[in-house]
Amino acid sequence: EDLVCFRDIRPSAPHHYLVVPVEHTGNCKTLRAEHVPLVKRMMEVGKAVLQKNNFSDLNDTRMGFHWPPFCSISHLHLHVLAPASQLGFLSRLVYRLNSYWFIT
């Protein structure tokens, strides 16, 4: 009820979803300690959506946020990608683990 999940309009993997809080929350740079439960729920929803869509290898996933100015929307949204092993060359760069622009 406080989160929504939908497919990314430009998917970078066979499963590419965005988990978004209904209540406006700025980008990931605005997160504080009190947002930890929200981020954990967002990750749980992402995992549940993958499982509901018959993807069970949670070790082959990538979840994270783009760090400003590398995000095009100033509303918090978690990228959920799977299988991560099928990301193309450019997608591996855009969604690179713990890079300067993508925080996992």
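Given the structure is predicted, the values throughout are model-derived calculations rather than measurements.

### Points about the overall build of the protein chain
Point 1. Regarding its fold elements, the protein chain presents 2 helices and 5 strands.
Point 2. Listed N to C, the secondary structure of the protein chain is β-β-α-β-β-α-β in terms of helices and strands.
Point 3. Relative to a compact globule of 104 residues, whose C-alpha radius of gyration would be 13 Å, the protein chain shows 13 Å and is just as compact.
Point 4. Seen through its principal axes, the protein chain has C-alpha atoms that stretch 35 × 30 × 25 Å.
Point 5. Out of the 104 residues in the protein chain, the part that is buried amounts to 44%.
Point 6. Contacts in the protein chain between residues far apart in sequence, at least 24 positions, make up 59% of those at least 6 positions apart.
Point 7. Of the accessible surface of the protein chain, which amounts to about 6400 Å², a share of 56% is contributed by carbon and sulfur atoms.
Point 8. Counting 11 positive and 8 negative side-chain charges, the protein chain places the averaged centre of each group 8 Å from the other.

### Re the UniProt feature "active site" (unreviewed entry) in the protein chain
Point 1. Following the UniProt record, one finds the feature "active site" (unreviewed entry) at His77.
Point 2. With sequence-adjacent residues up to four places away left out, His77 is seen in contact with Leu18, Val19, Val20, Met42, Gly64 and Phe65.
Point 3. Only 2.8 Å separates the side chain of His77 from the backbone oxygen of His75, close enough to count as a polar contact.

### Side note on the environment of His77
Point 1. One can find His77 in the loop between strand S3 (62-66) and strand S4 (78-82).
Point 2. Measuring from C-alpha to C-alpha, the distance between His77 and Pro11 comes to 14 Å, with 66 residues separating the pair along the chain.

### Regarding the sheet that holds strand S5 (residues 102-103)
Point 1. Strand order in the open sheet formed by 5 strands is S1-S2-S4-S3-S5, with antiparallel pairing between adjacent strands. Every interior strand has two partners, whereas the edge strands, strand S1 (3-7) and S5, have only one.
Point 2. Bridging between S1 and strand S2 (residues 15-21) involves 5 bridges; their strand directions are antiparallel. By the bridge assignment, Arg7 is partnered in S2 with Tyr17.

### Things to note about the nonpolar core
As a rule of thumb, nonpolar side chains are buried together in soluble globular proteins.
Point 1. Val19, Met42, Leu50, Phe65, Leu76, Leu78 and Val80 are the most contacted members of the largest nonpolar core, which has 16 residues in total.
Point 2. At the level of secondary structure, the elements contributing two or more residues to this core comprise S2, helix H1 (36-52), S3 and S4.
Point 3. The dominant element in this core, judged by the number of residues it contributes, is H1, at 5 residues.
Point 4. Those residues in contact with Val80 that sit more than four places away from it in its chain are His15, His16, Tyr17, Val19, Gly46, Leu50, Arg62 and Met63.

What counts, and where the lines are drawn
The numbers attached to residues start from 1 for each chain and follow its sequence in the written order. Since the coordinates come from a predicted model, pLDDT governs what is reported: local features require at least 70, and pairs of side-chain atoms require 80 or more to be given and counted, while whole-chain, interface and lining totals use all residues. Side-chain measures were taken over the full set of non-hydrogen atoms in the model, leaving aside hydrogen atoms and water. A run of H or I in DSSP becomes a helix once it reaches four residues, and a run of E becomes a strand once it reaches two; helices and strands are each numbered from the N terminus. In this setup the radius of gyration rests on C-alpha atoms only. A globule is expected at 2.2 Å times the number of residues raised to 0.38. Only protein chains enter the calculation, and the probe is 1.4 Å; a residue is then buried if its accessible area is under 20% of its type maximum, exposed if over 50%, and partly exposed in between. We call two residues in contact whenever any of their non-hydrogen atoms come within 4.5 Å of each other. Surface accessibility in these figures is a Shrake-Rupley result with a 1.4 Å probe; residues are shielded only by whichever protein chains are displayed. This count recognises Lys and Arg as positive and Asp and Glu as negative, with His and chain-terminal groups excluded. Charge placement uses NZ in Lys and CZ in Arg. For Asp and Glu, CG and CD serve respectively. UniProt positions are given in the numbering used here, feature names are shortened, and annotations may be inferred rather than shown by experiment. The term polar contact refers here to a pair of N or O atoms within 3.5 Å; inside protein, the definition further demands a hydrogen-donor-capable atom paired with an acceptor-capable atom, and it admits residues adjacent in sequence only when both atoms are side-chain atoms. DSSP-based pairing: two strands are paired if at least 2 bridges between them are found. To qualify as a nonpolar core, a set must consist of buried Ala, Val, Leu, Ile, Met, Phe, Trp, Tyr and Cys residues joined through side-chain atoms within 4.5 Å.

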